[in-house]
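Structural overview
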Amino acid sequence: MYEYISGKLISLTPATAVVDCGGVGYLLEITLNTYSAIQTKQEVRLWVHEVVREDAYLLYGFATMEEREMFRLLIGVSGVGAATARMMLSSLTVEELKGAIAAKDAKMVQRAKGVGAKTAQRIVLELQDKIDGAGLVAAAPAASQNKQEAQSALLMLGFQKPAVEKVLAALDATLSVEQLIKEALKKL
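This structure is a prediction, so every number in the text was calculated from the model and none was measured.

Here we look at the overall build of the protein chain
Along the backbone of the protein chain there are nine helices and five strands. Listing each helix as α and each strand as β along the protein chain from the N terminus yields β-β-β-α-β-β-α-α-α-α-α-α-α-α. The C-alpha atoms of the protein chain give 17 Å as radius of gyration, which agrees with the globular expectation for 188 residues (16 Å, within 12%). In terms of overall dimensions, the protein chain has C-alpha extents of about 50 × 40 × 30 Å along its principal axes. Split into buried and exposed, the 188 residues of the protein chain put 38% on the buried side. Here the protein chain displays about 10500 Å² of accessible surface, and carbon together with sulfur accounts for 54% of that area. Distance between charge centres in the protein chain, computed from 21 positive and 21 negative side chains, equals 5 Å.

Focus on a nonpolar patch on the surface
A cluster of nonpolar residues, Met1, Val52 and Tyr57, forms a patch on the protein surface that exposes about 400 Å² of accessible area. Among the secondary structure elements, Met1 is positioned in the segment before strand 1 (4-12). The exposed category is assigned to Met1, whose relative accessible area is 83%.

Points about the environment of Gly76
With respect to the helices, strands and loops of the structure, Gly76 is situated in the loop between helix 2 (65-75) and helix 3 (82-91). Between the alpha carbons of Gly76 and Leu97 there is a distance of 15 Å; along the sequence they are 21 residues apart. Excluding residues within four positions of it along the chain, Gly76 makes contact with Glu126, Lys161 and Glu165.

Side note on the packing of helix 2 against helix 4 (residues 94-102)
Two numbers describe a pair of packed helices, the interaxial angle and the distance between the axes. Where helix 2 meets helix 4, the axes come as close as 10 Å, and the angle between the chain directions of the two elements is 45°. On the basis of their axis angle, the class for helix 2 and helix 4 is oblique. Where helix 2 crosses over helix 4, the two elements pack in a sense that is left-handed. For the pair helix 2 and helix 4, contact is made by Glu66, Glu67, Met70 and Leu74 and by Val94, Glu95, Leu97 and Lys98, respectively. Per-class residue counts for the contact of helix 2 with helix 4 are four nonpolar, no polar and four charged.

Some details on the side chain of His49
Tracing the sequence through the fold places His49 in strand 4 (residues 43-52). With a relative accessible area of 13%, His49 lands in the buried category. Side-chain polar atoms of His49 contact the side chain of Arg72, separated by 3.0 Å. Beyond its immediate stretch of four places on either side in the chain, His49 contacts Leu58, Leu59, Tyr60, Phe62, Arg68, Phe71, Arg72 and Ile75.

Structural notes on the pairing of strand 5 (residues 57-62)
Among the six residues in strand 5, five count as buried, and that is most of the element. Here strand 3 (residues 24-30) runs beside strand 5; their pairing, made up of two bridges, is parallel. By the bridge assignment for strand 5, Glu29 is matched with Tyr60. In the sheet, strand 4 pairs with strand 5 via six bridges, with the strands oriented antiparallel. Directly across from Val48, in strand 5, lies its bridge partner Gly61. Where strand 4 hands over to strand 5, the hairpin turn is made up of four residues, counted between the paired strands.

Observations concerning helix 8 (residues 161-169)
Given 3.6 residues per turn, any residue in an α-helix points the same way as the ones three and four places further on. Listed as buried for helix 8 are Val164, Val167 and Leu168. Buried residues of helix 8, seen end-on, are gathered within an arc of 95° and therefore sit on one face of the element. Structural note: helix 8 exposes Pro162, Lys166 and Ala169 on the side pointing more than 90 degrees away from its buried face.

What about the packing of aromatic side chains?
Enumeration according to the criterion identifies four aromatic pairs in this entry. Here the aromatic rings of Phe62 and Phe71 are separated by 4.9 Å at their centres, their planes lie at 45°, and the arrangement is tilted. Phe62 sits in the buried class, given a relative accessible area of 1%. Among the residues examined, Phe71 registers a relative accessible area of 0% and is labelled buried. Taken together, Tyr60, Phe62 and Phe71 form an aromatic cluster joined through their ring pairs. The positively charged end of Arg45 is found above the aromatic ring belonging to Tyr4, 4.1 Å away from the centroid.

So, how was this worked out
- Here the residue index of a chain counts from 1 through its sequence in written order.
- Totals for whole chains, interfaces and linings use all residues, but because this is a predicted model, local features are given only for residues with pLDDT of at least 70 and pairs of side-chain atoms are given and counted only at 80 or more.
- The basis for every side-chain value is the complete set of heavy atoms in the structure, and neither hydrogens nor water enter the calculation.
- By the criteria applied, helices consist of DSSP H or I runs no shorter than four residues and strands consist of E runs no shorter than two, each listed in order from the N terminus.
- Radius of gyration means the value over C-alpha atoms here, while the globule rule gives 2.2 Å times the residue count to the 0.38 power.
- Relative accessibility thresholds used throughout: buried, under 20% of the residue-type maximum; exposed, over 50%; partly exposed, between the two (1.4 Å probe, protein chains only).
- For accessible areas, the Shrake-Rupley method is used with a probe of radius 1.4 Å. Any residue's cover is judged against the shown protein chains and nothing else.
- Under the counting rule used here, the positive set is Lys and Arg, the negative set is Asp and Glu, and His together with the chain ends is not counted.
- Charge positions are represented by NZ for Lys, CZ for Arg, CG for Asp and CD for Glu.
- The patch calculation keeps residues exceeding 30% relative accessible area without a salt bridge and links them within 9 Å when they carry like charges or within 5 Å when they are nonpolar (Val, Leu, Ile, Met, Phe, Trp, Tyr).
- When a carboxyl oxygen of Asp or Glu is within 4 Å of a side-chain nitrogen of Lys or Arg, the pair counts as a salt bridge.
- Note on contacts: a residue pair qualifies if any of its non-hydrogen atoms lie within 4.5 Å across the two residues.
- Axis definition: a line fitted to C-alpha atoms, limited for helices to the stretch in contact. Angles are taken between N-to-C directions and run from 0 to 180 degrees.
- Here roughly perpendicular refers to angles of 65 to 115 degrees, roughly parallel to angles under 35, roughly antiparallel to angles over 145, and oblique to all remaining angles.
- In this scheme the handedness of a crossing depends on how the near helix is turned from the far one: anticlockwise by less than a right angle means left-handed, clockwise means right-handed.
- All residues other than Ala, Val, Leu, Ile, Met, Phe, Trp, Tyr, Cys, Pro, Asp, Glu, Lys and Arg, Gly among them, are scored as polar; the first ten of these are nonpolar and the last four charged.
- For the purposes of these results, a polar contact is taken to be a pair of N or O atoms within 3.5 Å, where, inside protein, one atom must be able to donate a hydrogen and its partner to accept one; residues adjacent in sequence count only when each atom of the pair is a side-chain atom.
- When DSSP finds two or more bridges between a pair of strands, those strands are recorded as paired.
- The reported arc concerns the directions from the helix axis to the C-beta atoms and nothing else.
- Working definition: a ring pair exists when centres of Phe, Tyr or Trp rings (six-membered ring for Trp) sit within 6.5 Å. Plane angles under 30 degrees give stacked, over 60 give edge-to-face, the rest tilted.
- Geometrically, a lysine NZ or arginine CZ counts as sitting over a ring once it is within 6 Å of the ring centre and also within 35 degrees of the ring normal.

What follows is the structure, given as structure tokens:
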């Protein structure tokens, strides 16, 4: 829903930032890398990822769109939640993380606090095809977005994530969200 929040930086800690935007103070969870990037600024623009849970409504803020995209890729990996992804992006820069994934260096990924050997291997395995040496893969972003939206809808309908991921992986990426959902429902 939110793309970014821009405004006056009211409060800043290594874990959070409060940005005044139009008279409303937004509390955003941030990474240490974002903290370093904005700590000397009075006006900021933070790229936002929102998480709505049963017990909380959280906003995660990032200094760059690239960092936010890496966060989204990380939370898409089975077993990696928002807190772990944020910790990873606090321990490693986006460039270090991309390099480690592209080089299949699970030990480098494992340097982040809270990431064990199995999780690091899963991150490398699941993201290696989404990362290239120069940056985040931009090929077919709409197709990728369609699959993500279809996956979210199917998960909300109560289907299990592994089954949904398997079915969607087998479908044509050029289909619309509605077509992906219809085809997935036939196979689930």
